[in-house]
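# Geometric and topological summary
The primary structure of each chain is shown beneath.
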Protein chains: 2
Amino acid sequence: MTQTVAPLPSFDPACPMSAFPIQVGGKWTAMIVLCLENGPRRFGVLRRHLRPISTKVLAETLTAMGRDGLVRRCPVEGADDGGVEYELTPLGRTLLDVIEHTRDWARTHLSELVRARDAFDRAATASKAVLGTSRAP
Amino acid sequence: MTQTVAPLPSFDPACPMSAFPIQVGGKWTAMIVLCLENGPRRFGVLRRHLRPISTKVLAETLTAMGRDGLVRRCPVEGADDGGVEYELTPLGRTLLDVIEHTRDWARTHLSELVRARDAFDRAATASKAVLGTSRAP
DNA sequence: CTGTATCCCCTACGATACTG
DNA sequence: CAGTATCGTAGGGGATACAG
């Protein structure tokens, strides 16, 4: 009897939810959120702290985050060089919780994952060595 | 007096943690985890459910997840066609919690993000229209 | 100092065809 | 049905140069 074992969750490609598998944004988004946790920061401060990020990617990421309402540009207090600072919006702040959960997971389980990966790679290398005993590059 | 405002979190590029900004894996990893939540599934079942995923990408993702110890291949019960099923390992199961938190965030805040994005895009389009009144492509 | 503009590369993803 | 092999593409990310 082929019963429908259990209902799988449905993923509508048209639903914006599918754009959020688990990643929040680009490679640097989470780090930027973390950097802005304790107050607004200037472009250069972020750049230096996030090095080796390139200016292009930092600007792009910041723009994208602004577009999504996660971050806001505000004129820097008491500076006349036209500089601006970036600060987290209330919406951006809500990400801190999710990020913290992710980091918790990593702190707890990442070593296990790395161990599994190493074991897998060692096994792959080993079998390759066996297969390659009669053929040198 | 230039005090060190507040200590920013440090991101060591050499630390494997930096490989986990917030995304767990590829585009499909989280969905696969969700699909395996209630028991092992066969390749074809996943493929059909995750459509429009390609066989190549599904195989790749599953392999990568196996390498990371998130998923395990097991011979399918009572079948002689040499088929296998994929099941979540205990480590893979720990991802369910993180994913659930992410989905919670999305359910609560995604609409706000989309609204911000739309507003931003409308504003950009509007200013472009103004600039373009005297120049046609 | 704060970006924007190029150029390039590499990988993830996708379509398709083919094998066990 | 369960993959592997090939080919093609788009976009993210990086380096560098240049403009405000």
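The preceding data block contains the structure.
What counts as what
Residues numbered from 1 in each chain as written. Chains lettered and ligands numbered in written order. Predicted model: local features only at pLDDT ≥ 70, side-chain atom pairs only at ≥ 80, totals over all residues. Heavy atoms only, no water. Pairing = 2+ DSSP bridges. Helix = DSSP H or I, 4+ residues; strand = E, 2+ residues; numbered from the N terminus. Axes fitted to C-alpha atoms, helices over the stretch in contact; angles between N-to-C directions. Parallel < 35°, antiparallel > 145°, perpendicular 65-115°, else oblique. Left-handed = near helix turned anticlockwise from the far one by under 90°. Contact = heavy atoms within 4.5 Å. Nonpolar A, V, L, I, M, F, W, Y, C, P; charged D, E, K, R; others polar. Near = heavy atom within 4 Å. Polar contact = N/O pair within 3.5 Å; in protein donor to acceptor, adjacent residues only side chain to side chain. Expected span 1.5 Å × (residues − 1). Buried < 20%, exposed > 50% of the residue type's maximum accessible area, 1.4 Å probe, protein only. Arc of directions from axis to C-beta.

### Observations concerning the sheet that holds strand β3 (residues 84–88) of chain A
The three strands lie next to each other as β1-β3-β2 (chain A), forming an open sheet whose pairing is antiparallel. The sheet terminates laterally at β1 (41–42) and β2 (71–75) of chain A, the two strands that pair on one side only.

### Comments concerning the packing of helix α2 (residues 43–50) of chain A against helix α3 (residues 55–67) of chain A
All names here are of chain A. Taken N-terminus to C-terminus, the directions of α2 and α3 make an angle of 120 degrees; their axes are 11 Å apart at the nearest point. With respect to each other, α2 and α3 are oriented oblique. Our pair here, α2 against α3, has a crossing hand that is right-handed. Along its contact with α2, which presents Phe43, Leu46 and Arg47, the element α3 presents Thr55, Leu58, Ala59 and Leu62. In the contact of α2 with α3, the residues fall into five nonpolar, one polar and one charged.

### Structural notes on the protein's contact with DNA strand C
Not every one of the 17 residues close to DNA strand C is listed here, only the nearest: A:Arg42, A:Gly44, A:Arg73, B:Lys27 and B:Lys56. Protein-proximal atoms of DNA strand C, defined as those within 4 Å of the protein, fall in sugar or phosphate at a share of 55%. One nitrogen or oxygen atom from the side chain of B:Trp28 is found 3.0 Å from a phosphate oxygen belonging to DNA strand C. Mapped onto the surface near DNA strand C, the elements with two or more residues apiece are α2, α3 and β3 of chain A together with α3 (55–67) of chain B.

### A few points about the protein's contact with DNA strand D
Close contacts around DNA strand D come from 16 residues, with A:Lys27, A:Lys56, B:Arg42, B:Gly44 and B:Arg73 the closest. Near the protein, meaning within 4 Å, the atoms of DNA strand D are sugar or phosphate in a fraction of 50%, with bases accounting for the rest. Here B:Arg42 contributes a side-chain N or O atom positioned 2.6 Å from a phosphate oxygen of DNA strand D. Between DNA strand D and the protein, one listed contact pairs a phosphate oxygen with a side-chain N or O atom of B:Arg73 at 2.9 Å. At the level of secondary structure, the elements contributing two or more residues to the surface near DNA strand D comprise α3 of chain A together with α2 (43–50), α3 and β3 (84–88) of chain B. Residue composition of the surface near DNA strand D, grouped by class: six nonpolar, four polar and six charged.

### Quick word on α3(B)
Residues and elements named next belong to chain B. Compared with an ideal rise of 1.5 Å per residue, which puts 13 residues at 18 Å, α3 spans 18 Å between its outermost C-alpha atoms and is within 8% of the ideal. Within the span of α3, buried status applies to Leu58, Thr61, Leu62 and Met65. For α3, the angular spread of buried residues about the axis comes to 100 degrees, placing them on one side. Lining the buried residues of α3 we find α1 (29–35), α2, β2 (71–75) and β3. Immediately downstream of α3, the backbone of Gly69 shows phi near 70 degrees, a positive value.

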